[in-house]
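Summary of structural features
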Amino acid sequence: MSDWFDFLASQGAVFEDGLVVGFGETFADYPQFSQATVLFDLGDKGVLMLEGADSSKFLQGQTTADFDQLDANKPLNGAFCTLQGRVLSNFTAVLPASERILLITAKALIDSTLAEKTKYAAFFKTELSDASEHYRVLGLSGPDSTDILKTQYGSVPEPSHSLTTDTGEIIIAVSASRFILILPAQLAVERWEQFAQQARATGLPYWHLLDIQAGLADVYSETSTAFIPQMLNYHLTDTVSFTKGCYTGQEVVARMYYRGTLKRRLHRLTLATADLPIPGTEINSIDGEKPIGRVVLGAPADENHSEVLAVLTLTEVPTTKIFQLSVNGETVSAELLALPYVDVDVDTDANADEADNV
């Protein structure tokens, strides 16, 4: 991994806690990036690999995703849950070979996921391992990203689809203009140099901002086991199946979906502060005494503002669009922003039977 870091440093990368946070850009540059094609090292993502004839069967009983739907061209979003229905980690799964599945997930959660789930794998013909050292995960976004990839690979997957090349490279289309690339480690430098000729190298915080704007709530070490899937809007982002049958935590997740009243849910906010809250940061009422939510992900929007995804208690969300919150002990002006997939009240039927307090 150090060779990869050395290469990125030679390209002007600035590191913080082992992650690339910039290539000389400032947060004031972020608003203009919406029209730019940008390239990222997604160093916070790792690769959990499963090999063996029962890999899909094992994951079918351990995750929220319907692995009967996984094929070489259709990735799956999903999550591992605890017995209590809390999200341990989330992932995007791809199928590069008939008996090999790769899960693109938070690198910091791979060890804990393996520790929790490997014990169940003993009953299946599958082997789980951390394959992060064998791959580099890059991001490419912007108006020219499709043309760049088409020039390199000859074709580009449609949104929510994937493509595996003869060289073992995997392209996941997050949207029509945003892509995740899983590259064999030995090809990463060559591809970066090719892509960087037409795309601007940019730090990880801007990729996180794009995730926030898309309403995509990844789980990190600070928020692992803190939320059930519906609190993260996973039922709206094709991350949980309610028709696949049983899996670990399924009873709690299904009961909330069919019979419960969701009391907390994901929201997107802009905060008038440059003091970026990290995942897990508690959000309090303006007097700082009453917890009303937790940050899932935060990213700078410009030099004076941050955007966050936060799970908020629904009864505590003000009816006004702009309001005051206490974050990190600071009174902050907040504004509710739209999520791209929520345009109606998506809460469980308010007249349904009450489920557990979650």
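The rolling of a water-molecule-sized probe over the atoms marks out the regions of remaining empty space. Estimated volume of the second largest pocket: approximately 950 Å³. If you trace the second largest pocket, you find 38 residues lining it, with E16, L19, D44, L204 and H208 closest to the centre. Taken together, the elements giving at least two residues each to the lining of the second largest pocket come down to α1 (2-10), β2 (19-22), β4 (45-51), β9 (135-141), α6 (204-214) and β16 (291-300). If one sorts the elements of the lining of the second largest pocket by residue count, β16 sits on top with four residues. In the lining of the second largest pocket, the residues fall into 23 nonpolar, seven polar and eight charged.

Quick look at the pairing of strand β18 (residues 322-327) now. Where a strand is regular, its side chains alternate between the two sheet faces. Examined bridge by bridge, strand β15 (residues 282-284) and β18 share two bridges and lie antiparallel to one another. Residue pairing in the sheet places I283 in a bridge with V327 of β18. As judged from the six bridges shared by β18 and strand β19 (residues 330-337), these two strands associate in the antiparallel manner. Note on β19: the bridge partner recorded for V327 is E330. Here β18 folds back onto β19 in antiparallel fashion, the turn holding two residues, of which N328 has a positive phi close to 55°.

This part covers the sheet that holds strand β14 (residues 264-271). Taken together, six strands build a closed barrel; the order of strands is β14-β17-β16-β15-β18-β19 and the barrel is antiparallel. Averaged over neighbouring strand pairs, the angle between their axes works out to 45° when direction is ignored. Sheet strands in contact with α6 are β14, β16 and β17 (306-313), and its direction is about 130° off that of β16.

A few words now on the sheet that holds β9. Judged by pairing direction, the sheet is mixed, and its six strands sit side by side in the order β10-β11-β12-β9-β3-β13 without closing on themselves. Only two strands of the sheet have a single neighbouring strand rather than two, namely β10 (162-164) and β13 (200-201). As paired elements, β9 and strand β12 (residues 178-184) share seven bridges and run antiparallel to each other. Its bridge partner being in β12, L138 is matched across the sheet by L181. Of the strands in this sheet, β9, β11 (170-175) and β12 are in contact with helix α4 (residues 145-153), which crosses β12 at around 30°.

Cut-offs applied
Residues numbered from 1 in each chain as written. Predicted model: local features only at pLDDT ≥ 70, side-chain atom pairs only at ≥ 80, totals over all residues. Heavy atoms only, no water. 1 Å grid on protein atoms, 1.4 Å probe; cavity = no way out; pocket = protein on both sides within 12 Å on 5 of 7 lines; lining within 4 Å. Points joined across faces, edges and corners; volume = space filled by probe spheres on them. Helix = DSSP H or I, 4+ residues; strand = E, 2+ residues; numbered from the N terminus. Nonpolar A, V, L, I, M, F, W, Y, C, P; charged D, E, K, R; others polar. Pairing = 2+ DSSP bridges. Axes fitted to C-alpha atoms, helices over the stretch in contact; angles between N-to-C directions. Contact = heavy atoms within 4.5 Å.

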